[in-house]
Amino acid sequence: QGLVEESGGGLVQAGGSLRLSCAASRNSFSRSGMGWYRQAAGKERELVARITSGGSTDYGDAVKGRFTISRDNARNTVYLQMISLKPEDTAVYYCNAQNALGFTAWGQGTQVTVSS
């Protein structure tokens with residue numbers, strides 16, 4: 001089991017919704033900043049959304065108004081609710097966690113495919 005693990009990807013039609021989950025090791029990342037990034041084929045990895053330990057959020061311009069990041073500190077888990085999905089949202093979505101000491105870990109990624 002990795003330090004950070006994503007789940008919830010899949011295939012959805014344009015206009016549909018998906019929710020991604022990311023669980024981080026409590027030993028390493030209790031109340032850490034966490035975020036979602038994505039990488040489409042042939043493109044660089046980009047920020048989707050991130051959330052601080054205090055709950056402040058930040059979103060990439062491409063997803064503002066459609067995606068919502070949230071966290072459950074009791075479960076040490078963050079969620080990414082995605083609505084109004086577009087084909088250009090197709091990518092591998094990665095979860096990242098960074099603790100107060102600067103230690104960072106990435107998940108293996110989960111594929112999201114949006115068909116037109």
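Not measured: the values here are computed from a predicted model.

S.K.: Account for the nonpolar core, with residues named and values stated.
M.R.: Nonpolar side chains in soluble globular proteins generally cluster together in the buried interior. By size, the foremost hydrophobic cluster in this structure holds 27 residues, and its most contacted members are Val4, Trp36, Val48, Phe67, Leu80, Met82 and Tyr93. Counting only elements with at least two residues in this core, the list comes to β3 (18-24), β4 (33-39), β5 (46-51), β7 (67-72), β8 (77-82), β9 (91-98) and β11 (110-115). When residues no more than four places from it in sequence are discounted, the contact partners of tyrosine 93 are Glu6, Leu20, Trp36, Tyr37, Arg38, Val48, Phe67, Leu80, Met82, Gly109, Thr110 and Val112.

S.K.: Tell me what's going on with the environment of serine 30, and back it up with residues and numbers.
M.R.: Inspection of the secondary structure puts serine 30 in the loop between α1 (26-29) and β4. Taking the C-alpha atoms as reference points, serine 30 and valine 92, 62 residues apart in sequence, are found 25 Å from one another. Once residues lying within four places of it in the same chain are set aside, the contact partners of serine 30 are Ser25 and Asn76.

S.K.: Tell me what's going on with the sheet that holds β8, and back it up with residues and numbers.
M.R.: The four strands are arranged β1-β3-β8-β7 in an open sheet whose pairing can be described as antiparallel. Looking at the sheet topology across the chains shown, the edges are occupied by β1 (4-7) and β7. The average undirected angle you get between the axes of adjacent strands in this sheet is 15°. Sheet topology places β7 next to β8; six bridges connect them, and they run antiparallel. For isoleucine 69, the partnering residue across the bridge sits in β8 and is leucine 80.

So, how was this worked out
Residues numbered from 1 in each chain as written. Predicted model: local features only at pLDDT ≥ 70, side-chain atom pairs only at ≥ 80, totals over all residues. Heavy atoms only, no water. Core = buried A, V, L, I, M, F, W, Y, C linked by side-chain atoms within 4.5 Å. Buried < 20%, exposed > 50% of the residue type's maximum accessible area, 1.4 Å probe, protein only. Helix = DSSP H or I, 4+ residues; strand = E, 2+ residues; numbered from the N terminus. Contact = heavy atoms within 4.5 Å. Pairing = 2+ DSSP bridges. Axes fitted to C-alpha atoms, helices over the stretch in contact; angles between N-to-C directions.

Any functional reading would require information that these geometric values do not contain.
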